[in-house]
Amino acid sequence: MEKENEFIEGLRDAIPVCLGYLAVSFAFGIQAAEAGLSVFQASLMSLTNVTSAGQFSSLDLIATNATYAEMALLQLVVNIRYMLMSTALSQKFSSKVGTLSRCLVAYGVTDEIFGLSVTRKGRLKPAYSYGLIICSVFGWVLGTFLGAFAGQIMPQRLISALGLAIYGMFLAIIIPEASENGAVMAVVIGAMVMSTVFTYAPVLSSISSGFRIIIVTVVIAAAAAIFAPRTEEDTADA
């Protein structure tokens, strides 16, 4: 009965995440269809990855027939934070929780699920995490399915217009934070400048899009860590 209650609580707490994922993954489904993926391929990608940044960044590589090495390295760089999140969450589980349960929970760790899990008081129960994951992943995959299906039947002009939704989402996330934090603003501007240089510079423009993203991500993240490291006060306020 306790496990059932924990599971239901997880399902309930994840409803807002599920609804948010529906909107974002619908935009991903549209772009996946535009990149040439079928409805099944796009849905399977969302089911097996469950990572917005990783999936969106991979579409350019898929469209340009990038190598598996580029794809693997890009996903490692973009998603390495989930390893740290999973490690942190593992400390909230009882030592009696087995490896299989820990791996199942690690599959569904996203920024939002991590936030809900880490703020839960007391020990984290696998049943609660399963509820969070099932509800959230359902929204993510359903939105992808609907977006990819719509992308198969809608006119190309409308698909291109809806594809801009993801850029609007990114702007909505970045602008408020950048307007309040000079370091974030510097990171955004630095990434834009580097991306522009890699796109138009004679030699650098020959580098594939996958490695461009990897280089820009690593360089900008390293520069931010060196010149604007987060203090203990920042961490406490986050």
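The present account deals with the structure reproduced in this document.

Definitions and cut-offs
Residues numbered from 1 in each chain as written. Predicted model: local features only at pLDDT ≥ 70, side-chain atom pairs only at ≥ 80, totals over all residues. Heavy atoms only, no water. Helix = DSSP H or I, 4+ residues; strand = E, 2+ residues; numbered from the N terminus. Buried < 20%, exposed > 50% of the residue type's maximum accessible area, 1.4 Å probe, protein only. Contact = heavy atoms within 4.5 Å. Axes fitted to C-alpha atoms, helices over the stretch in contact; angles between N-to-C directions. Parallel < 35°, antiparallel > 145°, perpendicular 65-115°, else oblique. Left-handed = near helix turned anticlockwise from the far one by under 90°. Nonpolar A, V, L, I, M, F, W, Y, C, P; charged D, E, K, R; others polar. Salt bridge = Lys/Arg side-chain N within 4 Å of Asp/Glu carboxyl O. Patch = residues over 30% accessible without salt bridge, like charges linked within 9 Å, V, L, I, M, F, W, Y side chains within 5 Å. Areas by Shrake-Rupley, 256 points an atom, 1.4 Å probe, with all protein chains shown as cover. Phe/Tyr/Trp six-rings, centres within 6.5 Å; stacked < 30°, edge-to-face > 60°.

Side note on the overall build of the protein
If you tally the helices and strands in the protein, you get 14 helices and 0 strands. The linear arrangement of helices and strands in the protein, starting from the amino end, is α-α-α-α-α-α-α-α-α-α-α-α-α-α. Each of the 238 residues in the protein was classed as buried or not, and the buried ones make up 34%. For the protein, long-range pairs separated by at least 24 residues make up 76% of all intrachain contacts whose partners lie at least 6 apart in sequence.

With respect to the packing of helix 8 (residues 111-118) against helix 9 (residues 126-153)
Contact pair helix 8 / helix 9: the axes reach a minimum separation of 11 Å and the direction vectors enclose 155 degrees. The angle between the axes of helix 8 and helix 9 places the two elements in the roughly antiparallel class. Between helix 8 and helix 9 lies a crossing of right-handed hand. Contacts from Ile 113, Leu 116 and Ser 117 of helix 8 reach helix 9 at Tyr 128, Leu 132, Ile 133 and Ser 136. A breakdown of the residues in the contact of helix 8 with helix 9 according to their chemical character gives 5 nonpolar, 2 polar and no charged.

Here's the deal with the environment of Ala 223
Following the sequence through the fold, Ala 223 ends up in helix 13 (residues 209-227). Note: C-alpha distance between Ala 223 and Val 187 (36 residues apart in sequence) is 8.5 Å.

Describing the pattern of salt bridges
Scanning the model with the defined rule gives 4 salt bridges in all. For Arg 12, the salt bridge goes to Asp 13, with nearest N and O atoms at 3.4 Å. Accessibility expressed as a relative area gives 23% for Asp 13, which makes it partly exposed. Arg 81 is the salt-bridge partner of Asp 111, the closest N and O atoms lying 3.2 Å from each other. Residue Asp 111 is found in helix 8, and its partner Arg 81 is found in helix 6 (residues 81-90); the two are separated by 30 residues along the sequence. Connected through shared salt-bridge partners, Glu 6, Glu 9 and Arg 120 make up one network.

Considerations on a nonpolar patch on the surface
A grouping of Leu 73, Leu 76, Ile 80, Met 83, Phe 211, Ile 215 and Val 219 is seen on the molecular surface, where their side chains present a nonpolar patch of about 570 Å² in accessible area. Elements with a contribution of two residues or more to the nonpolar patch: helix 5 (68-79) and helix 13. The dominant element in the nonpolar patch, judged by the number of residues it contributes, is helix 13, at 3 residues. Examined against the element boundaries, Leu 73 turns out to sit in helix 5.

Examining the packing of aromatic side chains
Evaluated as defined, the whole model comprises 3 aromatic pairs. Taken together, a centroid distance of 5.5 Å and an interplanar angle of 70 degrees make the contact between Tyr 21 and Trp 140 edge-to-face. Note that Tyr 21 is positioned in helix 2 (residues 15-34) and Trp 140 in helix 9, a separation of 119 residues in sequence. For the pair Tyr 21 and Trp 140, one class covers both residues: buried. With a centroid separation of 5.3 Å and 85 degrees between ring planes, the pair formed by Phe 28 and Phe 56 is classed as edge-to-face. Of the two residues, Phe 28 is situated in helix 2 and Phe 56 in helix 4 (residues 52-63); the sequence distance between them amounts to 28 residues. Judged on exposure class, the residue Phe 28 and its partner Phe 56 are both buried.

Notes on unusual backbone geometry
Its identity is not glycine, yet Val 50 carries a phi of approximately 50 degrees, on the positive side. Here Val 50 lies in the loop between helix 3 (39-49) and helix 4. At Asn 65, a residue that is not glycine, the phi angle is positive and equals roughly 55 degrees. Mapping Asn 65 onto the fold places it in the loop between helix 4 and helix 5.

Regarding the environment of Ser 46
Note that Ser 46 resides in helix 3. Remark: the alpha-carbon pair of Ser 46 and Gly 29, spanning 17 residues in sequence, is separated by 9.1 Å. If we ignore the near neighbours within four places in the chain, the residues touching Ser 46 are Phe 28, Gln 55, Trp 140, Val 141 and Thr 144.

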